[in-house]
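Here are the chains, one letter per residue:
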Amino acid sequence: MNPIVRFFQGINFFLGGLRMLRRYPKLFGLALIPIALTIVVLLALAWGSAWLVGEWLQQVAGVEAAGQTLLQAIALLLVLFVAYLIYLPLTRIFLAPFSEKLSHKTSELSGLTLSTENEVGFFRSIWEGVKLVALQLILVVIVLIVTIFLAPVGVTLGIVVTICFCGIDFVDVPLSVRGMSFRQKVRFLWKSRGLVLGFAVAVYLLLHIPLINLLVLPVGVIGATLLVNQVVSESNGDWQGTELR
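Read on for a plain summary of the structure. (Residues numbered from 1 in each chain as written. Predicted model: local features only at pLDDT ≥ 70, side-chain atom pairs only at ≥ 80, totals over all residues. Heavy atoms only, no water.)

## Notes on the packing of aromatic side chains
Considering all chains together, one arrives at three aromatic pairs under this definition. Taking 5.4 Å as the distance between ring centres and 90 degrees as the angle between the ring planes, the aromatic pair formed by phenylalanine 7 and phenylalanine 8 counts as edge-to-face. Ring geometry for phenylalanine 14 and phenylalanine 199: centres 5.7 Å apart, planes at 75 degrees, overall edge-to-face. Of this pair, phenylalanine 14 sits in helix H1 (residues 3–23) while phenylalanine 199 sits in helix H9 (residues 193–206), and the two are 185 residues apart along the sequence. One exposure class covers both phenylalanine 14 and phenylalanine 199, and it is buried. The ring of tryptophan 190 has arginine 193 lying over it, and the distance from NZ or CZ to the ring centre is 4.1 Å. (Phe/Tyr/Trp six-rings, centres within 6.5 Å; stacked < 30°, edge-to-face > 60°. Helix = DSSP H or I, 4+ residues; strand = E, 2+ residues; numbered from the N terminus. Buried < 20%, exposed > 50% of the residue type's maximum accessible area, 1.4 Å probe, protein only. Lys NZ or Arg CZ within 6 Å of the ring centre and 35° of its normal.)

And the structure:
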């Protein structure tokens, strides 16, 4: 199929996740758990960092109270900014089990019954997320090195890599639900690169809208599940996707 058509189909799958979230209250209920936990984790990181900075300034640096407050505020904003950058990798690790429950429920509401024979457990879900984030960190280091020596190329490459991660982070969830190995996931992503890229661009754009970006997690998981189910259905392969064409 035309790659441009597949690209726009990928965007439509993301929008389909939004429509499905509005249609089924059960999905919205599951979505509240990862959204709430994400907010708690990010705020805890920011508050904890600001508190540590304040303690250090008071005990070691001997900075006056007014200066401490200013530096703590700066630290708080800085950590919130860094947390925003690592939002998706962070949620992929710690909220993996919740995301996969959301994906499984999406498949059920779509009329698809998946075998539970190869379903991954709680800690396996987290481990799958860790492997994906480890790959992301390696690529981030490469981008940073390129940026140091060739800034224009590095910045452009960084944007492209970030967009790709936006798609991979979400599509990985329904692939894990289906029990796919890391190798099978890579094959799936390559075979469906047009769809995944379109989906990733939609995610990337919404991530830059404050507050609305909190909905990106559940909408992305639901939309990615619809995408994966459709691709596997079109492939006429088995449920693990080993016969994808």
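After presenting the structure, the write-up continues.
## Let's talk about the side chain of aspartate 172
As for its placement among the helices and strands, aspartate 172 is situated in helix H7 (residues 151–177). With a relative accessible area of 5%, aspartate 172 lands in the buried category. Within the local environment of aspartate 172, its side chain forms a polar contact with the side chain of lysine 185, the two groups lying 2.9 Å apart. (Polar contact = N/O pair within 3.5 Å; in protein donor to acceptor, adjacent residues only side chain to side chain.)

## Some words on the pattern of salt bridges
In a structure, side chains of opposite charge can pair up when their charged atoms sit close to one another. Evaluation of the coordinates by the stated rule reveals three salt bridges. The partner of glutamate 234 in a salt bridge is arginine 6, with the nearest N and O atoms 3.5 Å apart. One end of the pair, glutamate 234, is in helix H10 (residues 216–235); the other, arginine 6, is in helix H1, and 228 residues separate them in sequence. Judged by relative accessible area, which is 42%, glutamate 234 ranks as partly exposed. Residue classification places arginine 6 among the buried residues on the basis of a relative accessible area of 17%. Between aspartate 172 and lysine 185 there is a salt bridge whose closest N-O contact spans 2.9 Å. With a gap of 13 residues between them, aspartate 172 in helix H7 and lysine 185 in helix H8 (residues 182–191) connect regions that are remote in the sequence. Overall, the relative accessible area of 4% leaves lysine 185 in the buried class. (Salt bridge = Lys/Arg side-chain N within 4 Å of Asp/Glu carboxyl O.)

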